[in-house]
Every structure is written in C-alpha cells, then in structure tokens.
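So you can see what is in the structure, the chains are spelled out below.
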Amino acid sequence: MMNQVILTLTDNDGNSAILDLYENEKMHLNYKFTDITDFASVGNYSQEFRVPASKTNTDFFGAIFNVNFDGWFDFRKKVDAVLTVNTIPIASGHIQVKKLYWQSGKLFEFEVVFFGEVPNLARLLNEKKLKDIESIVAGDLDYDLLHEYVETQPNDHTILTLCDKFNLTATNVEGQPVYSTVISGQPTYKPLYVGHLTPAVKAQYLFDQILADAGIQYSSDYLGDILENVYVPFVNGQYLNSAVGLNDNASNLALASNINGLTFAPSNNIYNLYSALTEYEDAGSNWSGGVFTVPYTAQYTFRLAANGRVNTLNGQDFGNYPVRIMVYVNDVFTYEYELLQTSYLFYLNSTQTYALNGGDTVKFKLQILPQDSTAATFTWDVDLLGSGGVNQFGCGVELISVGTNLTGDQVVMEYNAPDMRQIDFITSIQKMFNLVFVADKTLPNTLKIEPMVEYIASGNTLDWSQKLDLSKDIMYSPTTDLQKAKFSFTYAEDGDFYNSVYKDNGRIYGRYEVTESDFEVINEFATGEEKVELAFASTPSAPVENTDVVVPKFLKAEGQFVQPKPRILYYFADFFVNMYDEVSGDVVQTAVKCLNNYSTMNATVSNKDLNFAPEVPIHTIVANPYNNLYNRFWRNYYRELFDGQARILEGMFALTLNDVFTFQFSDKIWIIDSWWRVLEIQGYVVGEQDMTKVKLIRVLDIDNDCDLTPVSANLDQSLNWENSNGDPATITQDCCLRFGYNWNSTKNDCFSQPNNGTRSFITQQAPSLAPTKFGAPVSFGGSISQPVRTITTDYVVTNFDRMIFADTTGGSITIYLPSATTTAGRELIIQKSVSANGVTIQAYTGETVEGSGSVTLSAMGDTITIISNGSDFKGTSSK
C-alpha cells in the first residue's frame, strides 16, 4: 500500500486544512549529526514544491491571487504546518508561499516551501545581551544593599560574593581590609560593606531565561547537575550601579577644538578647564557651564583627558614645572593628578572614582606650578588640544560609571550585567560541557540538551545489516582527514594582574592543548588547528594578603580596578570576614560566599574543576581534580573520533519510514560485523521505502584504556589509585598520562601536576602569606607543611595539618581550630607528647569541639581525633 503524505496547515484563527498535494510529489528529508551542535541549523527539512490551485487550497489561502486582497493571509508571515505520513507526525514547522502560477487566465499552482521548525538560536537571539533578559529588565533580580542578604541570598538566583575590586588586605589600611580588629565594640579599620560585594547569578537561571525568552522549551537529564553551584559574577564597574544608574546620568564634555595661546605665569597659573568644555551628552541634565552637580550620593567614575603642548618655555626646564589637573568639590581643592610630560608635550588619560554626596558641585581645572619655589619667573605660551570628544588626543571629561552607596541603596542588575551577548553565553556553555542540542522531530522549538558523552551512550541498539545494499558501492575511509594537527581548549585571555602572570608564562590559565598522550599514534597527515574558545575569561583566584581568603581579583599590577571580561565560576566556600550591619550599627563576623574554578576548598582529585586542564593555582590545593572540562566532557569523544581504528562508512540503505522516524544520532547500529553511529542521512523520500545514502562512523567505546581510578592525593601530590573492585592498585605510566596527570620517571609514580606549568615562575609573582587567626598560611617559599607537626607554643591549625604533637615542656599551649564550616569532612589528630603543663584546644568563635568551646589534654599521651561536620568539630578522645 502506498504511504499517504499529508500536509496540514493552520490559519491565524486556529482553523486547519489538509492541503491537496500532487499524487507523485516527493519530499526529501536530510539529517546531519552537526545539526545537534550547530546553533545556526535551519531545520532537518526544507523543500520547495508546487501544489495545485484546488478549491481546498484556494479556500484556505483566500484570494491571494488578487492584488487587492485584504484577508488573513500575509506573505510576510509564517503559516503553521505539520507533515504526517499515515497519520504519524514526521515534522512540524511552517510554510512560506513563494509564487503563484497562472495558465489560460486561471490560477494554476501555488509554489510553497515547507520548513521543519528546528530552533535557530543565532537568529532568535540576534544581538541581545545578558542585560536584555526579560526578567532582569523587569527587576526580578534587583536587591537592596542590606547585610541580611549576605548570608541569606537576596533571591533564589543571586548570591553576594567577595571579589577583589578594591585591593583587599588584612593589614594595610590603604586598602579595604577584609578583617578588622574590634576594640570596645569599635573596629580599628573600616569593615567591608554590602556594597563591596559582587552579585553573582546562577548560570542555570541565565541559560533557562535566555531560551525561554526565545520561545524555546528544553529538557535535560544532566544540565542541572552540571551547572549546580555555577555562577556568573555581575561586574560592570568597580562599584555597583543603582536604581538611578549610568543610563540616566551618562555625560561627555570636551573641548570642541584647540585652544591656542593660553598664557601661564606665576600670577595666573590656574586655568578653569571646566568653563571651556562643550556638552556632547548630558542625560541627567547634571552639567551647567562645565560644572557637575551631583544628583544623588553615590560613587562616580570619570574618565579625564588633558593633552596639550608648550610653545614657549623661555629657557626654563620643563621638568621643574609640573602640569596637573585639579578637582574642586564644592569649590574646595580636593584631588590632583599630575600629567605626564615629554619634550614640549603633556598628557593625561585616566579613570578616577570619587565618593560624592547629592548636591556637591565638581569642577576641573588645569594648573602649571613650579616644584621649586625659588624658580625664576616664567611665562609660557600653551595650546590645549580639542577633538570634539574625549580621547587621548583631546581634553575633556566623561562620566562612565555611577555606583551605589555601600549600604541601603538598591542594586539594579540590568546595569551590572557583564557585557556579553546571549548567544555567546549559550555557545560558551555548550563548548564547556560539549553539549548537544537535539531538536524534537515533531514538536516545534523543543530541544533535548545533554552532554555529548552522555547523549551518545543513551541511544538504542539497532541492526541495519540487512538494509545495506551490497550491490552498490560501499566506501570505507579513516577519520584522518577530519583530524587537525593541533586541538586547543581555552578561555579568553584578560588583562588583570594574575591573568597576565600566566600569559607571561606562555599560556592562558586553564588552557588545554591536545598532545600525543591523547592518541596512541600521531597523525602525520594532520594540518591546521581546531580551537574551542569561550567568551568567558579565565579566573586565577588568589588569597587576600595575610589571609587564606581566596577570591577572584579584578586588579591591575598597581592594585587599581580593571574591568573584567565575563567570568563563570563555582560557589566553592564561605569565608568569615568583618562586615558592617546597618541595622545594629555593629561590625559583625559574617560568612561571605566566594567563587573559584574549583568546586570546593582545598580541591583534590575527586572534586570538579572548570578549567580545561590541571593548573598551578596561586592558592594551595591538595591535588588537581581529575574532573576538569576536557577529561569529563571531551577526552573520550575526541579519542573515539580520531582513534586509529576509527572509520567512516558510506553506503545505500533500504530505510523505512519507521527507521527514519525513530532513529537517533545516539543509536548504536550493527552493520555486518561492527557497531556504527549515523553521521548523515541524505535525501530520504518521505513516505516511501527507497534507497537512501547514509554516512556512519564506527563506534569504538573508547575509555581511558585503564580500569584504575584516582581516589585521593598525598601532600607531595602523588596520587592513590583503586581498581574496579575498590582495591589499592599501582598506576602505570600510560594510565597516568591517559588521565591527564604527570608521570615522574625518577620516582616511578604519578603526580597531580599541571599541564605546561612552571610553579617557580608563578609563585614568584604571588605574595608570600603569613598565618593568621583566620585560616591557613599559603606559602610557596619552600616545601609545604608535613603531615606530622610538632609544636611547642600556641598554634593556629592550617589546612595542611593532619597530626599534631604538642610538646608542653616550655609551658601550656593553646591550639586554635579553623572554622568548621569551611573545613567540612577534615580529620585532625592532636596528642600531648610530654607530661608537663596542659594543651587547650580552642574552637572557632561560636563553634564547639566535643560540645564545648574548648577541650583540654592533661596527661602525656592524651589524644583527640576531631572531624568537622560542617558546623562544629566532633571528637573522640583516648587517654
């Protein structure tokens, strides 16, 4: 029986009609594996064909052949359509009417195109940015700067995190201290305010909202787990943008043209630069005569440009007469910036931030002043450069950021969103986790999204041996022509200090380049490079000076803020810092959330890493996690694709409607003597059992060629391994390299060492950290602490301690424990090794050990084993 092809259309009012088709009309379907990874896919089916101008068809469309027709149909609009064969839906989508044909004065045919509706994300998202997400524009994530939102997040999708935008320190009062000593209820240093913290939004939330705004539904079995605790910091300036943000106050003033022949002398060495500026933009009407009137109390960031030349020096030494910009607040000289001078030129292009109060007035002036008060009288002829806008060649002022107060104000997340296109966000997530986007064959704008490694393992097993036409040519080919000579996986580079440390060492932090250890044999015919690069920048985090508080640092080498590119990180730990509580007016110790590329503090092999490769972090870890992005989501997929046994098969297959309708790219298909996976189905004739060209790739089920698993690391970063039964095992060099770790031939052992890392170079760039009451010391100056430590004085437990012997010969000892909330699962053994005096083990403020604030070891040999449960330390004592 002939299969019946049915094309059903629906008009604007929901009325449906089955279109009359020509009896011999053939429609072809094409499927490509690349459709599930290509966001610019135009659909799994499109075909241009003609249908008769029958009564059914003309009744549905109306009199569109009449140029004066004014009915429901519009040539510019899609018409919903469903393609079925024998009542089985094959594809949903839409049609477009292209042409009308006449014969003998009568309408004869319609030419239409049917499109299978596979979402084209690149087209749907266009140039929209993260700040354009509808829920963000609507203010769903906005929050007030209140201390209560630090430990309890302001909404379900946002956390407040500590990112270093202010050159944080524990001791230097010139920076913003993380900790401040409290005496008689008053802090000795200024504490952190809520406005110093950076909001971070769940990556899962952003992903979901972007697709929802585009009208796309999706399902996934793995994405939720993959993106758990993954956040995107919302950084669009050093200070947070508030309810009345930059969009309402943006301004740009500059000299419209050169000002020539200004005379500077001791009696008139100040020029009112502000009065000569022309307004090019003043969104808030805050400027008048070049004077800025502050609209409300906040942080204001200006870009200052001052460029000019001295025509006549009258024999004076240019270097003895510094040129400077003077900033007057309320007519009081408040700030100054010295201009660079070379030959007869002076110049400045600087960004400066001021804390200003509502109603303040700000003026900018230019001064030339001798350094030496005994210098001879001078008279200079000076030109100031103008260009019609603020840039390095002119003079002017531009307001580039308006920040909030540090407490009490409202943060508007639309203004704080990183400058990132939505399509770049989606594609970066896809590249990180090697995701496939599989369009539903019958439901329009519906996707299945899974990691490639999970997707290709989830299909059915089929047998197509009898469907292969052995009378036609069957072509086998290796995959060597698909392979490149070099594969690299990388974040974008960025300009902060710690990124530059790694860049100076020859790489981007977290980059991975595929080496010969990934393949048994090098492909000598491979050429070119394939690069998987994210729009997110890498984030080497570092400790705050004199603490173990590890944070991302958005700073230049000089300690000034630098605007970062978009970042993506794990919420990995809480650190206790002193913060101002606007309700009580007190400084309180607060658990602040922090971000990192590792999924937990003191990461080890069993944790997760958002880098593509093992790295040398600035801060200490136990060992590099095996589950980095390349190992977890890319390694086995690439190895299967380019293994020496990989093959491509092309042949003609007798496929049925059911074969085409039910197959998935994840299916394993048995053909004669091997398993294969479909790469392409070319030109299947809908509704007919016809010979169809199919391209497949051999399934190799590649794994690491090693049944051992890394389970833990030692303090020297050597790894411990187990076999599939859970028994300890000895690792081989091949297995070590296959897992992406480092083999030491001298020690005949496998170590968690970074890819292409030079630890000595990195650590020379990092500050040497001293131990504090707040956590572990971080020091790269020598070998790290040993697992057994003997102490003779009061001691602060570090992250490296496992066994402590307390020698109390010289007097009683107090041992201070770290916070149990940041050391969950850690085990520590303490023993009193001599009989004299006692040992007091002091819990962290507000916590307990064995149910008390402290415990005491009195006799020689007294031992306590304590373990953190995430809130307190539970102990087992032996006398």
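1. A word on the overall build of the chain
When helices and strands are tallied, the chain shows 16 helices and 58 strands. Counting across all 879 residues of the chain, residues that qualify as buried make up 52%. Carbon and sulfur atoms make up 46% of the accessible area of the chain, which amounts to about 37,600 Å² in all.

2. A short note on the pattern of salt bridges
Pairing between side chains of opposite charge can happen when their charged atoms approach one another. Tallied over the entire structure, the rule returns 26 salt bridges. Between aspartate 221 and lysine 448 there is a salt bridge, and its shortest N-O distance comes to 3.4 Å. Residue aspartate 221 is located in the loop between strand 13 (217–219) and helix 6 (223–226), and its partner lysine 448 is located in strand 31 (residues 446–451); the two are separated by 227 residues in the primary sequence. Judged by its relative accessible area of 56%, aspartate 221 falls in the exposed class. Of the charged contacts, one joins arginine 567 and aspartate 496 as a salt bridge, the two residues approaching to 2.8 Å between their closest N and O atoms. Note that arginine 567 is positioned in the loop between strand 38 (550–551) and strand 39 (569–580) and aspartate 496 in the loop between strand 34 (486–492) and helix 11 (497–504), a separation of 71 residues in sequence. Like arginine 567, the residue aspartate 496 is buried in the burial classification.

3. Observations regarding the sheet that holds strand 13
Strand pairing in a sheet relies on backbone hydrogen bonds, with the paired strands running either antiparallel or parallel. Across the sheet, which stays open at both edges, the three strands sit in the order 13-31-30 with mixed pairing between neighbours. The open sheet has two edge strands, strand 13 and strand 30 (435–439), and neither has a second partner. Averaged over neighbouring strand pairs, the angle between their axes works out to 30 degrees when direction is ignored. Pairing geometry for strand 30 and strand 31, over five bridges, is antiparallel. Paired with valine 438 across the bridge in strand 31 is lysine 448. Contacting strand 30 and strand 31, helix 9 (residues 422–433) runs over the sheet at an angle of about 115 degrees to strand 30.

4. Comments concerning the packing of aromatic side chains
Applying the stated criterion across every chain, the model contains 41 aromatic pairs. Note on phenylalanine 425 and phenylalanine 536: the rings are 5.9 Å apart at their centroids and 80 degrees apart in plane angle, and the pair reads as edge-to-face. You can see phenylalanine 425 sitting in helix 9 and its partner phenylalanine 536 sitting in strand 36 (residues 529–537), a full 111 residues away along the chain. Both rings, one in tyrosine 476 and one in tryptophan 676, keep their centres 6.0 Å apart while their planes meet at 50 degrees; by these two values the pair is tilted. A residue pair is termed long-range when its members are at least 10 positions apart, and tyrosine 476 in strand 33 (residues 475–478) and tryptophan 676 in strand 43 (residues 674–685) qualify at 200 residues. For tyrosine 476, a relative accessible area of 48% puts it in the partly exposed group.

5. Observations regarding helix 5 (residues 203–213)
For helix 5, every residue scored as buried is listed here: Ala203, Gln204, Tyr205, Leu206, Phe207, Ile210 and Leu211. Glycine 215 occupies a position one or two residues after helix 5 and carries a positive phi of about 80 degrees.

6. With respect to unusual backbone geometry
We note that asparagine 167 has phi near 55 degrees; this positive angle belongs to a residue other than glycine. Tracing the chain through its elements places asparagine 167 in the loop between strand 9 (158–161) and strand 10 (182–183). One non-glycine residue, asparagine 837, adopts positive backbone phi at about 60 degrees. Mapped onto the elements of the fold, asparagine 837 is located in the loop between strand 54 (827–832) and strand 55 (839–842).

7. Topic: the pairing of strand 30
Across the five residues that make up strand 30, a large majority, four, are buried. Connecting strand 30 to the next strand, strand 31, in antiparallel fashion are six residues, including asparagine 445 with a positive phi near 50 degrees.

8. A short note on the sheet that holds strand 47 (residues 728–729)
Strand order in the open sheet made by the three strands is 45-46-47, with antiparallel pairing throughout. Unpaired on one side and paired on the other, strand 45 (709–713) and strand 47 mark the two borders of the sheet.

9. Side note on the nonpolar core
Formed by 135 residues in total, the largest nonpolar core has its most connected members in Phe61, Leu162, Phe425, Ile429, Met432, Phe433 and Phe536. Apart from the residues lying within four places of it in its own chain, the contact partners of isoleucine 429 are Phe207, Leu227, Leu435, Phe536 and Ile568. In terms of nonpolar packing, the next biggest core, distinct from the first, is built from 41 residues, Val323, Tyr354, Leu366 and Val382 among them.

10. Things to note about the layout of surface pockets
Leftover empty space is mapped by rolling, across the atoms, a probe with the size of a water molecule. Roughly 780 Å³ of volume is contained in the second largest pocket. Residue assignment for the lining of the second largest pocket shows that the elements contributing at least two residues are helix 9, strand 33, strand 36, helix 13 (635–642), strand 41 (647–655), strand 43 and strand 44 (690–698). With five residues, helix 13 is the largest single contributor of residues to the lining of the second largest pocket.

11. Points about the side chain of threonine 301
Structurally, the position occupied by threonine 301 is in strand 21 (residues 298–312). Take threonine 301: its relative accessible area is 8%, and that puts it in the buried class. Within the structure, the side chain of threonine 301 is placed 2.7 Å from the side chain of threonine 353, a separation counted as a polar contact. Among residues more than four places away in sequence, those in contact with threonine 301 are Thr351, Gln352, Thr353, Glu398, Leu399, Ile400 and Ser401.

Procedures and definitions
- Residues numbered from 1 in each chain as written.
- Predicted model: local features only at pLDDT ≥ 70, side-chain atom pairs only at ≥ 80, totals over all residues.
- Heavy atoms only, no water.
- Helix = DSSP H or I, 4+ residues; strand = E, 2+ residues; numbered from the N terminus.
- Buried < 20%, exposed > 50% of the residue type's maximum accessible area, 1.4 Å probe, protein only.
- Areas by Shrake-Rupley, 256 points an atom, 1.4 Å probe, with all protein chains shown as cover.
- Salt bridge = Lys/Arg side-chain N within 4 Å of Asp/Glu carboxyl O.
- Pairing = 2+ DSSP bridges.
- Axes fitted to C-alpha atoms, helices over the stretch in contact; angles between N-to-C directions.
- Contact = heavy atoms within 4.5 Å.
- Phe/Tyr/Trp six-rings, centres within 6.5 Å; stacked < 30°, edge-to-face > 60°.
- Core = buried A, V, L, I, M, F, W, Y, C linked by side-chain atoms within 4.5 Å.
- 1 Å grid on protein atoms, 1.4 Å probe; cavity = no way out; pocket = protein on both sides within 12 Å on 5 of 7 lines; lining within 4 Å.
- Points joined across faces, edges and corners; volume = space filled by probe spheres on them.
- Polar contact = N/O pair within 3.5 Å; in protein donor to acceptor, adjacent residues only side chain to side chain.

The values are spatial; any link to function lies outside them.
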